Every structure is written in C-alpha cells, then in structure tokens.
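Residue-level listing of the chains:
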Amino acid sequence: MTTRRLLVLLGIGAALTAGATTAARADDFAGDVPTRIWIDLGGASSGISTNAALTGKAGVGASIDFEDVFELPGTKYTARLFGTARISDHRRYIDFGFVDINRSGSTIVDQDITWGDNTFTAGGTMTAKFRSSFIYCAYRYDFLNVEKVHIAGSAGLSWAQLSASLIGEGNAVDANGNPISGEFEAKSSIGAPVPLIGLNVDWAITKRLILRSYSRVFGLNLSTIKGNVFESGLHLNWLFVRHFGLGVAYDKNEIRIKEFKTGDNKGKFDYRVTGLGLNLNFAW
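Small disclaimer: the values here were computed from a predicted structure and weren't measured. (Residues numbered from 1 in each chain as written. Predicted model: local features only at pLDDT ≥ 70, side-chain atom pairs only at ≥ 80, totals over all residues. Heavy atoms only, no water.)

**Re the overall build of the protein**
Spelled out, the test is: Counting from the N terminus, the helices are DSSP H or I runs at least four residues long and the strands are E runs at least two residues long. Summary of the burial criterion: residues with accessible area below 20% of their type's maximum are buried, those above 50% are exposed, and those between are partly exposed, where the area comes from a 1.4 Å probe applied to protein chains only. Note on definitions: a residue-residue contact is assigned when non-hydrogen atoms from the two residues lie within 4.5 Å. For the accessible areas, the method is Shrake-Rupley and the probe is 1.4 Å, while residue cover comes only from the protein chains on display.
On a plain count of helices and strands, the protein comes out with 2 helices and 17 strands. Within the protein, buried positions represent 46% of all 284 residues. For the protein, contacts bridging at least 24 residues in sequence account for 67% of all contacts bridging at least 6. Total accessible area on the protein stands at roughly 13,500 Å², and carbon and sulfur atoms take up 57% of it.

Have a look at this one:
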C-alpha cells in the first residue's frame, strides 16, 4: 500500500465525518454497538499465488511457481480471526489477528527442479508443501473519534512464518551430481517479526451496520533479509442484535522477500493471499 493510497483512505474517512458532531458514549459506536471488545471469527475462500527460489553454493536456483509446477491448490478455504480490545478510554485499542494456511500437491515434473544444492530430475513424482502463518498484534489510537467515524493510526508487529518443502523419491541428485537414493526432502523456511504501521477507518453507516477498513505496510532492508509486507482489508458487519452479528470481508496479504539468508543458501519468496469470507461478529 503506497503512501498515496493511505492518504486517499484518510481523506475518505475525513469526508465521512461531515455533519457528525455528537460524541458517542465512551463504550459505544454510533450510540449502539459496544467497542470494548470486537471479534471477527470466520472463514474465507482464499486465492493464493506462490513464487519461491532457494539458491545454493553453486548459484543456481530459478524462481518456481508452486501452483503451476507442482499443482499446489491455488484456492484454499481458511479460518481467520481478527479482533480489537479497548485498553483505556474510547481512543486506545489493541488489535490482533491470526491466519494459518497449509497446502500440499503432488505431480510428475517435466523439468529439472533445483532447490538449494539439490536437483530433482524430470520424470519423477514430487510433492510440494507450503505453509504460511500470520500473527498480528498492534497498538491503535483513534486520532479522530466522533459518533459515526473513527480514524486511527496503528503500530505493531506481524510474525510471518513461511516454509516450503520439496519431496522426491529416487529422482534427486546432490550438488556434485551424485544420485540420492530413497525419499529425499529439501526444506526452506523463514520466520521473523515484521514491524507494521497502518491506518484504520471505521464508519457506522447505521446504528448496526459498520464498515471497517485497515491498511498496513512496512519494508525491511537488513543484512539477512530484504523485502516488503503489505496488508489490507475491508469488513462490512451487520449486528442484528446488540452483541452479535454477521459480516462479509475482503482481506489481502502480500509478502515480497527479495532475499533472505539461511545457512549457505539464499532464498526469496513472493507470496500473495486474497480472501473473500464470511464472519461471525461479537461485540461487548
């Protein structure tokens, strides 16, 4: 999410405040929806795109499209959790969330696949496994808090864990070209806390219909890892009773790791998840 997009979201949220002059009660949003604790719990049909490479000492390791080469599922139904807890007055909150996606696929490869110092030769059956998990926690402060609109800035950490594994049997050779007998598995993983800064805009369309949005971004440029993380979402929630409701949500996560070091190898990940889901909403 670019700075310009963040400013656009801020401008939209500010425009929505026109005419809103009455302050809400400290515990309620638009006079009717509690804001001390808010939880979205549900599932999503997620579209997933995965490109990854692991380069060994020989300097060989082309980027692999896991969905195309290994027939890894490009769509996955996943459980998701998003939440907010107010920690003091009606402006300060802790945001949190969790998403975990685990996929695998098998195919007969029609090309040689190099992963680190090992090569899986064409004609063999291979299994690919890819797992990703995101745990998010942040401090959020409403710098604009009126009856129908809350606009907030946030700062926090997202623990991003990515792991890829390639498994072959009788079709792998090592860096010196020597055959590897039996089943062979080559793994690569990366896990790191990624600081994120963000913008949230919540709009009470009616007393029970709430539109909530978030955008978060950060970049890393360290000796061991370089890349960017982008997260955004739009949730429309209808609380048909005061403490319980239903919602639809669109969420997007992008991780672009240009380079990371793992032992003597170097790897990269370009990973994108977009999900359209249904949520149960709980508000206290």
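Now that the structure has been shown, we can carry on.
**Focus: a nonpolar patch on the surface**
Going by this rule: Patch membership requires more than 30% relative accessible area and the absence of a salt bridge. Residues of like charge join within 9 Å; the nonpolar side chains Val, Leu, Ile, Met, Phe, Trp and Tyr join within 5 Å. Here, a salt bridge means any Lys or Arg side-chain nitrogen found within 4 Å of an Asp or Glu carboxyl oxygen.
On the surface, a cluster of nonpolar side chains totalling about 440 Å² of accessible area is made up of W238, F240, V241, L246 and L280. Checked against the element boundaries, W238 lands in strand β15 (residues 225–241). What makes W238 partly exposed here is its relative accessible area of 48%.

**A word on the side chain of S188**
In this structure, S188 sits in strand β13 (residues 183–204). The class of S188 is buried, set by a relative accessible area of 6%. If near-sequence neighbours (up to four positions away) are discounted, S188 is found in contact with L54, W115, L162, S163, A164, F260 and T262.

**Considering the packing of aromatic side chains**
Remark: the centre distance and the inter-plane angle together describe each pair of aromatic rings, the angle taken between the planes. Note the cut-off: What counts as a ring pair is set by centres within 6.5 Å for rings of Phe, Tyr and Trp (its six-membered ring), and what kind of pair is set by the plane angle: stacked under 30 degrees, edge-to-face over 60, tilted for all other angles. Placement of a charge over a ring requires the Lys NZ or Arg CZ to be within 6 Å of the ring centre, with the centre-to-atom vector within 35 degrees of the ring normal.
All chains considered together, the criterion is met by 12 aromatic pairs. Centroid distance F66 to F70: 5.3 Å. Interplanar angle 65 degrees. Geometry classified as edge-to-face. Note on F70: relative accessible area 0%, which makes it buried. Taken together, F66, F70, W115, F130, F260, F269 and Y271 form an aromatic cluster joined through their ring pairs. Geometry around W38 places R212 over its ring, the cationic atom sitting 4.4 Å from the centre. Sitting over the face of the ring of Y136, R216 holds its NZ or CZ atom 3.6 Å from the ring centroid.

**Focus on the nonpolar core**
For clarity, the threshold we go by: By convention a nonpolar core is built from buried Ala, Val, Leu, Ile, Met, Phe, Trp, Tyr and Cys residues, the set being connected through side-chain atoms within 4.5 Å.
Ranked by size, the top nonpolar core spans 40 residues in total, and within it F66, F70, W115, F120, L166 and F269 carry the most contacts. Residues within four places of F120 in sequence aside, it is in contact with Q111, D112, I113, W115, M126, L166, I167, G168, N171, A172, F184 and A186.

**Let's talk about the pairing of strand β6 (residues 92–108)**
Residues in a regular strand point their side chains to alternate faces of the sheet. Under the convention used in this document: Being paired, for any two strands, means DSSP has found at least two bridges between them.
Sheet topology places strand β5 (residues 75–86) next to β6; 7 bridges connect them, and they run antiparallel. The residue bridging R80 from the neighbouring strand is V99, located in β6. In this structure, β6 lies alongside strand β9 (residues 125–145), joined through 17 bridges in antiparallel fashion. Each residue of the ladder has a partner; that of V99, found in β9, is F134.

**Quick word on the pattern of salt bridges**
For the structure on display, the rule yields 12 salt bridges. Across the pair D32 and R242 runs a salt bridge, and its minimum N-O distance is 3.9 Å. One end of the pair, D32, is in the loop between β1 (28–29) and β2 (33–34); the other, R242, is in the loop between β15 and β16 (244–262), and 210 residues separate them in sequence. Judged by its relative accessible area of 17%, D32 is buried. Here R242 falls in the partly exposed class, since its relative accessible area comes to 28%.

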